[in-house]
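Architecture at a glance
Okay, here's what each chain looks like letter by letter:
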Amino acid sequence: MDKNISEAVELLYKGAKMLAQHCVDCKMPLFEYEGKVICPSCKREFKIDKNGNAIPIERKEVEKKDATKCEGKDVEKKVEDIKNEIKNIKIEDDKSKYAQAEEILRSKLLYVISRIGECKSIECLHNLVDLALKIVELIERIEKI
């Protein structure tokens, strides 16, 4: 619970407004930040209906909306480009295959990390952090081989 409170406090420091509505899942207060209503604990986005009720927005809706919105650049297209680049590696031998893959993943990780500072929405940040974590996991798997 302390982590959830820390997340809420962090939002307040950033200028978010705590709302009277609560998350339908974890019962934490909802916050309005950068034009969005979010739960600091679940990281879910909500919309407030005309009666003042908090209605969760489906995660797929948020991801679709944010993938094309993130600083006007298509993050999903970048992810596909990275996947295709990895698939198209010319392989000399098994060791060089893994070394090449690791080198590409490290360069892509640096690119993703550099984009994190440009995010203006929580969803954009969430997508890029998830991608960075997946890349780190792949690098760690390659290193074990």
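Refer to the structure above for everything that follows.
Residues numbered from 1 in each chain as written. Predicted model: local features only at pLDDT ≥ 70, side-chain atom pairs only at ≥ 80, totals over all residues. Heavy atoms only, no water.

1. So, a nonpolar patch on the surface
Basically, it comes down to this: Two joining distances apply to patches: 9 Å for like charges and 5 Å for nonpolar side chains (Val, Leu, Ile, Met, Phe, Trp, Tyr), and every residue must have over 30% relative accessible area and no salt bridge. Residue exposure ignores everything except the shown protein chains as possible cover, and the areas themselves are Shrake-Rupley values with a 1.4 Å probe. In the sections that follow, a salt bridge refers to a side-chain nitrogen of Lys or Arg positioned within 4 Å of a carboxyl oxygen of Asp or Glu. Runs of H or I in DSSP of at least four residues are treated as helices and runs of E of at least two as strands, each being numbered from the N terminus. The buried label goes to any residue with under 20% of its type's maximum accessible area, the exposed label to any with over 50%, and the partly exposed label to all in between, with areas taken from a 1.4 Å probe on protein chains only.
A cluster of nonpolar side chains, contributed by Ile5, Val9 and Tyr13, occupies part of the molecular surface with about 320 Å² of accessible area. Mapping tyrosine 13 onto the fold places it in helix α1 (residues 2–13). Taking relative accessible area as the criterion, tyrosine 13 reaches 68% and is therefore assigned exposed.

2. What about the state of the cysteines?
Selection criterion: Counting rule for disulfides: a pair of cysteine sulfur atoms within 2.5 Å.
Summed over all chains, the structure comprises one disulfide. Between the sulfur atoms of cysteine 119 and its disulfide partner cysteine 124 the distance amounts to 2.3 Å. Sign of the S-S torsion, about -55° for the bond between cysteine 119 and cysteine 124, identifies this disulfide as left-handed. The thiol of cysteine 23 is not disulfide-bonded; the next cysteine sulfur, from cysteine 42, is found 3.7 Å away.

3. A short note on the pattern of salt bridges
Under the counting rule described, the total for this entry stands at seven salt bridges. As a salt-bridge pair, glutamate 143 and arginine 106 come within 2.5 Å of each other at their nearest N and O atoms. You can see glutamate 143 sitting in helix α5 (residues 122–144) and its partner arginine 106 sitting in helix α4 (residues 94–116), a full 37 residues away along the chain. Take glutamate 143: its relative accessible area is 46%, and that puts it in the partly exposed class. The exposure class assigned to arginine 106 is partly exposed, which follows from its relative accessible area of 39%. Between arginine 115 and glutamate 118 there is a salt bridge whose closest N-O contact spans 3.0 Å. The exposure class of arginine 115 is buried, given its relative accessible area of 3%. For glutamate 118, a relative accessible area of 34% corresponds to the partly exposed category. Shared partners join several salt bridges into a network, and the residues in it are Glu102, Arg106 and Glu143.

4. Quick word on the environment of tyrosine 33
Applicable threshold: Residues are treated as being in contact if the distance between any of their heavy atoms lies within 4.5 Å.
Along the chain, tyrosine 33 turns up in strand β2 (residues 29–33). Classification of tyrosine 33 by relative accessible area gives buried; the value is 16%. Remark: the alpha-carbon pair of tyrosine 33 and glycine 15, spanning 18 residues in sequence, is separated by 7.3 Å. Among residues more than four places away in sequence, those in contact with tyrosine 33 are Leu11, Lys14, Ala16, Ile38 and Ile122.

5. A few points about the nonpolar core
What counts here: Residues enter a nonpolar core if they are buried and are Ala, Val, Leu, Ile, Met, Phe, Trp, Tyr or Cys, with the set joined through side-chain atoms within 4.5 Å.
Leu11, Leu30, Cys39 and Phe46 are the most contacted members of the largest nonpolar core, which has 14 residues in total. Sorting the residues of this core by element identifies α1, β2 and β3 (36–38) as the ones contributing at least two each. Of all the elements, β2 adds the most residues to this core, at three residues. Those residues in contact with leucine 11 that lie beyond four places of it in its chain are Ala16, Phe31, Tyr33, Ile38, Pro40 and Ile122. In terms of nonpolar packing, the next biggest core, distinct from the first, is built from twelve residues, Ala101, Ile135, Ile139 and Ile142 among them.

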